[in-house]
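Descriptive structure summary
So the chains spell out like this:
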Amino acid sequence: PTVTSTQTLTPSDYARTVMNEYYQDINQRNYQEAYHLWGSDFQNTHSYSDFVNGYAHTRHDDLTINSLTPQGNGTISTDITIQATEDATSGSGTVISIYHGTYTVGEENGAWKILSGNFQKIG
């Protein structure tokens, strides 16, 4: 017998998928794919080399999605916490830093993209 899935993904499902893919790409140092998950506004104002340089001291990011909130315009606000393993500023070993922030994820030209993000280091 043939089984057909009738499950349709919600905007929140797409947002969760984009965020998970993004941090998987970062952790695998697949920066080109991660950069392409950003929308055109970000790419027009942040060069690829600056983007990569922003992760120069990152060894690994552990993503926690705290909440996904649908917005009236069809986008999803994602509240996340990142536990980042980073090179220590002393030059030897690593440190753990905690970041909290939000990303806005939405459709752009038929694909789900990260449209904006705002983060603060909290620990």
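Everything below is about the structure shown above.
Residues numbered from 1 in each chain as written. Predicted model: local features only at pLDDT ≥ 70, side-chain atom pairs only at ≥ 80, totals over all residues. Heavy atoms only, no water.

1. Concerning the overall build of the chain
Per the secondary structure count, the chain includes four helices and four strands. In sequence order, the chain lays out its α and β elements as α-α-α-α-β-β-β-β. Each principal axis of the C-alpha distribution contributes one length, and for the chain these read about 60 × 35 × 30 Å. For the chain, the proportion of its 123 residues judged to be buried stands at 31%. Within the chain, contacts between residues separated by at least 24 positions form 43% of all contacts whose residues are at least 6 apart in sequence. Element-wise, carbon and sulfur atoms account for 47% of the exposed surface of the chain, whose accessible area totals about 7400 Å². Of the charged side chains in the chain, 5 are positive and 13 negative; the average position of the first set lies 7 Å away from that of the second. (Helix = DSSP H or I, 4+ residues; strand = E, 2+ residues; numbered from the N terminus. Buried < 20%, exposed > 50% of the residue type's maximum accessible area, 1.4 Å probe, protein only. Contact = heavy atoms within 4.5 Å. Areas by Shrake-Rupley, 256 points an atom, 1.4 Å probe, with all protein chains shown as cover. Lys, Arg positive; Asp, Glu negative; His and termini not counted. Charge placed at Lys NZ, Arg CZ, Asp CG, Glu CD.)

2. So, the sheet that holds strand E2 (residues 76-87)
The strand order across the open sheet built from four strands is E1-E2-E3-E4, with neighbouring strands paired in antiparallel fashion. Strand pairing shows two members of the sheet lacking a second neighbour, strand E1 (58-70) and strand E4 (111-121), which therefore form its edges. Strand-to-strand, the axes of this sheet are offset by a mean angle of 25°, without reference to chain direction. Pairing geometry for E2 and strand E3 (residues 94-108), over 12 bridges, is antiparallel. Within E3, the residue paired with aspartate 79 across the bridge is threonine 102. Its contacts with the sheet put helix H1 (residues 11-27) on E1, E2, E3 and E4, and the angle it makes with E1 is roughly 170°. (Pairing = 2+ DSSP bridges. Axes fitted to C-alpha atoms, helices over the stretch in contact; angles between N-to-C directions.)

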